[in-house]
Each structure stands twice: as structure tokens, then as C-alpha cells.
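Below, each chain spelled out in residue letters.
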Amino acid sequence: MPAYVIADVTVTDPKEMEEYRKRVPGTLAKYGGRFVVRGGAHQAVEGDWKPNRLVVIEFPSMEQARRWYDCEEYREPKAMRLRAGRTNLVLVEGV
């Protein structure tokens, strides 16, 4: 069953976030990850949620999504993202 990383990112340091964006794609393939959404235009149509920059990454399974999130390859890019902004992030199983 596929799983998704869904992130709502607020950028506070654009320069560092740009470097993060360059590094992330190289960490995904080993875990079967691929971007589905990467900061495109969006419309809020219900509720109070006002997302900033949305990212959705698909993985073959929840296990692979978690392995990627915790992997050595993503450790430094993740630290860069945490320095460069604020993120709400969830892992969710698909259908």
C-alpha cells in the first residue's frame, strides 16, 4: 500500500531552503520515493487551513517512507530544512 509524506512548509531562510531543495531528490530513489506535489499552486476550499508551500512525496509503503525520513542520506538535508523554516509534516497510508 503506498504511503505519502505531506508537508506544509513556511520558509524563513530562502537561501538555505533552496540548498535543501537541491539535495532532497537524491535521497528519494533508494526508498522508492517520488515527488507528487512540490510547491505548486493550491486553493484552500474548506476550513481554516492556510498552507504555505505544500509538498507530497509518494513511497511504496509506510515502512519505506519512514526509512527515508530516518535515513542517513536525509539527515543533513532534514537539518537544513529545520533551520530554513517551519514545517508541519505527516506520513499517511494511501489506498
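To be clear, the structure that these remarks concern was listed above.
These notes cover the structure that comes with them. Quick caveat, the model's predicted, so the values are computed rather than measured.

Spatially, 4 strands are ordered β2-β3-β1-β4 in an open sheet, and the strand pairing comes out antiparallel. Because the sheet does not close on itself, it has two edges, and the strands there are β2 (34–38) and β4 (85–93). Sheet twist, expressed as the average angle between the axes of neighbouring strands with direction ignored, equals 20°. Where strand β1 (residues 3–11) and β4 come together, 9 bridges link them in antiparallel fashion. The residue of β4 that forms the bridge with Ala3 is Glu93. Contacting β1, β3 (53–59) and β4, helix α3 (residues 62–70) crosses the sheet at an angle of about 155° to β4.

Now for empty space enclosed by the protein. Per the stated rule, a full pass over the model turns up 1 cavity of 30 Å³ or more. Space inside the largest cavity adds up to approximately 140 Å³. Contributing to the lining of the largest cavity are 16 residues, with Tyr20, Val55, Ile57, Tyr74 and Arg81 lying nearest its centre. Every element with two or more residues in the lining of the largest cavity is listed here: β1, α1 (14–23), β2, β3, α4 (72–84) and β4. Residues belonging to the lining of the largest cavity are distributed by class as follows: 11 nonpolar, 1 polar and 4 charged.

Calculation criteria
Residues numbered from 1 in each chain as written. Predicted model: local features only at pLDDT ≥ 70, side-chain atom pairs only at ≥ 80, totals over all residues. Heavy atoms only, no water. Pairing = 2+ DSSP bridges. Helix = DSSP H or I, 4+ residues; strand = E, 2+ residues; numbered from the N terminus. Axes fitted to C-alpha atoms, helices over the stretch in contact; angles between N-to-C directions. Contact = heavy atoms within 4.5 Å. 1 Å grid on protein atoms, 1.4 Å probe; cavity = no way out; pocket = protein on both sides within 12 Å on 5 of 7 lines; lining within 4 Å. Points joined across faces, edges and corners; volume = space filled by probe spheres on them. Nonpolar A, V, L, I, M, F, W, Y, C, P; charged D, E, K, R; others polar.

Any link to function would need more than the numbers given here.
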